[in-house]
Amino acid sequence: DQYAEWLATIPKTELHLHLDGSLQAHRMLSLAAKHGIGLPYASVGEVEAAYQFKNLQSFLDLYYLGASVLRDEEDFYHLMMDYLLVCREQNIVHCEIMIEPQTYAPNGVSFSTMMAGFTRAVDEAEHDWGQSVGLILSLLRHLSEEDALQTLTAADEFRDQFVAIGLASAELGNPPEKFVRLYAAARERGYRLVAHAGEEGPADYIWQALKRLQVDRIDHGVRCVDDPELMAHLAETRIPLTVCPLSNVRLRVFERMADHTLLQLLEKGLCVTVNSDDPAYFGGYLSENYHAMHVALGLDRSQTLALIRNGFEASFLSDQKKQMYL
Ligand code: ADE
Ligand code: ZN
């Protein structure tokens, strides 16, 4: 339709994307076969039939199972390249991608194997079509802070390859304050800081991420609507929220897209951005997220442009590069 055609012409960012969440069903199956790993699914149809989630944890169970098929440099190269090709197709000129080494470590995958595949794809995309990419070292909050700190240390050798650290996985029961030392250590190393907060967890977790972790940006953050003082603070500071509409509906954060509060946040002056989170599992990449909001909430062109502009503002691009798009 016309909105979709128009949207494709506008350069966009994506700031909240778990690379493992872009693993397509056909690749999950072919890599499982390649490495002789048993999966409880025999076909693309069977994998996709499992994309029925009742909450974040029910999704994470499938997400980590899927990611367990990634083993060698070639696998990581293709995973990254598949997503970067989508960026080219959807006019996502700058993306910041979360990668999660703690997911692969139990399978004997070294940091250097993973990084070799990822950076080969990134270098190619930068060279071939000028793709701009930032990598975010995303740590898993269901594991210990000690495990995260060890991963941060393992990343020291690759420090220049990352723009930021992040915090993902099961939110309830794993509050930001569990990771105060991790964030202090990352800050000392010069990383920018992001964290998931206020997806399933309460508004207080957003406050914790801001005050205890001193994050530059909040992933999700939609539960801020429960706390007017927090809303006012986010509007005033313009600390960005990377909101993921299709994810929120699939993980039952909102019952229907028509219930999504993203436009209220935009209206209140918060720096909200649109992102896909785990596009292979949630029924669409970035453009499909905008399109779903257009259909369900009447998201119009000027609101779309405001969200896209917020994406550049919220990015970790240099001020000079931001100016090219703002
Ligand atoms: N890991 C991948 N997707 C996630 C999400 N939506 N929330 C928390 N952790 C995640
Ligand atoms: Zn996420």
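Residues numbered from 1 in each chain as written. Chains lettered and ligands numbered in written order. Predicted model: local features only at pLDDT ≥ 70, side-chain atom pairs only at ≥ 80, totals over all residues.

Thoughts on the overall build of the chain
Scanning the chain for helices and strands turns up 17 helices and eight strands. In terms of overall size, the chain behaves like a compact globule, its C-alpha atoms giving a radius of gyration of 18 Å where 326 residues would be expected to give roughly 20 Å. With the principal axes as the frame, the chain shows a C-alpha extent of 50 × 45 × 40 Å. In the chain, buried positions account for 44% of the 326 residues. Restricting the contact set of the chain to residue pairs at least 6 apart, pairs at least 24 apart contribute 75%. (Helix = DSSP H or I, 4+ residues; strand = E, 2+ residues; numbered from the N terminus. Rg over C-alpha atoms; globule rule 2.2 N^0.38 Å. Buried ≥ 20, exposed ≤ 12 C-beta atoms within 10 Å, placed from the backbone. Contact = placed C-beta atoms within 7 Å.)

Focus on the UniProt feature "active site" (unreviewed entry) in the chain
Following the UniProt record, one finds the feature "active site" (unreviewed entry) at E199. Under the C-beta neighbour-count criterion, E199 is labelled buried, with 24 such atoms within 10 Å. Setting aside residues up to four positions removed in sequence, E199 forms contacts with L56, E171, H220, V222 and V253. (UniProt positions renumbered as here; feature names shortened; annotations may be inferred.)

Observations concerning the nonpolar core
Ranked by size, the top nonpolar core spans 89 residues in total, and within it M80, I97, I136 and A209 carry the most contacts. Other than its neighbours up to four places away in sequence, I136 contacts E96, I97, M98, F162, V163, A164, I165, G166 and V194. (Core = buried A, V, L, I, M, F, W, Y, C linked by C-beta atoms within 7 Å.)

Comments concerning the environment of L139
Tracing the backbone shows L139 in strand 3 (residues 132–140). Put simply, L139 and G201 are 62 residues apart on the chain and 17 Å apart in space, counted from C-alpha to C-alpha. Residues within four places of L139 in sequence aside, it is in contact with Q102, A148, T151, I165, G166, L167 and L182.

As for the packing of helix 5 (residues 73–90) against helix 7 (residues 111–129)
Their axes nearest at 7 Å, the elements helix 5 and helix 7 cross at an angle of 30°. When the interaxial angle is binned, helix 5 and helix 7 end up roughly parallel. In this structure, the crossing between helix 5 and helix 7 has a hand that is right-handed. Here E73, E74, D75, F76, Y77, M80, M81, L84 and R88 of helix 5 come into contact with helix 7, specifically with T113, M114, A116, G117, F118, R120, A121, V122, A125 and W129. A breakdown of the residues in the contact of helix 5 with helix 7 according to their chemical character gives twelve nonpolar, two polar and five charged. (Axes fitted to C-alpha atoms, helices over the stretch in contact; angles between N-to-C directions. Parallel < 35°, antiparallel > 145°, perpendicular 65-115°, else oblique. Left-handed = near helix turned anticlockwise from the far one by under 90°. Nonpolar A, V, L, I, M, F, W, Y, C, P; charged D, E, K, R; others polar.)

Focus: the site of ligand 1
Neighbouring ligand 1 are H18, G21, L56, Y63, A168, S169, H196, E199, S247, D277 and D278. Residues that form the shell around ligand 1 fall into these classes: three nonpolar, five polar and three charged. (Near = placed C-beta within 6 Å.)

Here we look at the sheet that holds strand 1 (residues 12–18)
Spatial strand order, 1-2-3-4-5-6-7-8: eight strands in an open sheet with parallel pairing. Every interior strand has two partners, whereas the edge strands, strand 1 and strand 8 (272–274), have only one. Averaged over all pairs of adjacent strands, the angle between their axes in this sheet comes to 25°, without regard to strand direction. Across the face of the sheet, helix 16 (residues 301–314) comes into contact with strand 1, strand 6 (217–220) and strand 8 while running at roughly 105° to strand 8. (Pairing = 2+ DSSP bridges.)

A few points about the pairing of strand 6
One ladder, built from four bridges, connects strand 5 (residues 192–197) with strand 6; its direction is parallel. The residue of strand 6 that forms the bridge with V194 is R217. For the handedness criterion, the β-α-β arrangement of strand 6, helix 11 (residues 228–237) and strand 7 (residues 241–243) is classed as right-handed. (Right-handed = clockwise from strand over helix to strand, strands pointing away.)

As for the confidence of the model for the chain
Interpretation of the predicted coordinates at a detailed level should be avoided for regions scoring low in pLDDT. Confidence along the chain averages 98 in pLDDT terms, with 100% of residues attaining 70 or more. Under the prediction, the complex receives an ipTM of 0.98, its pTM being 0.98. (pLDDT = per-residue confidence, 0-100.)

Some points on the UniProt feature "binding site: substrate" (unreviewed entry) in the chain
Summarizing the sequence annotation, UniProt attributes the feature "binding site: substrate" (unreviewed entry) to D278 in the numbering used throughout. Topologically, D278 is positioned in the loop between strand 8 and helix 14 (279–282).

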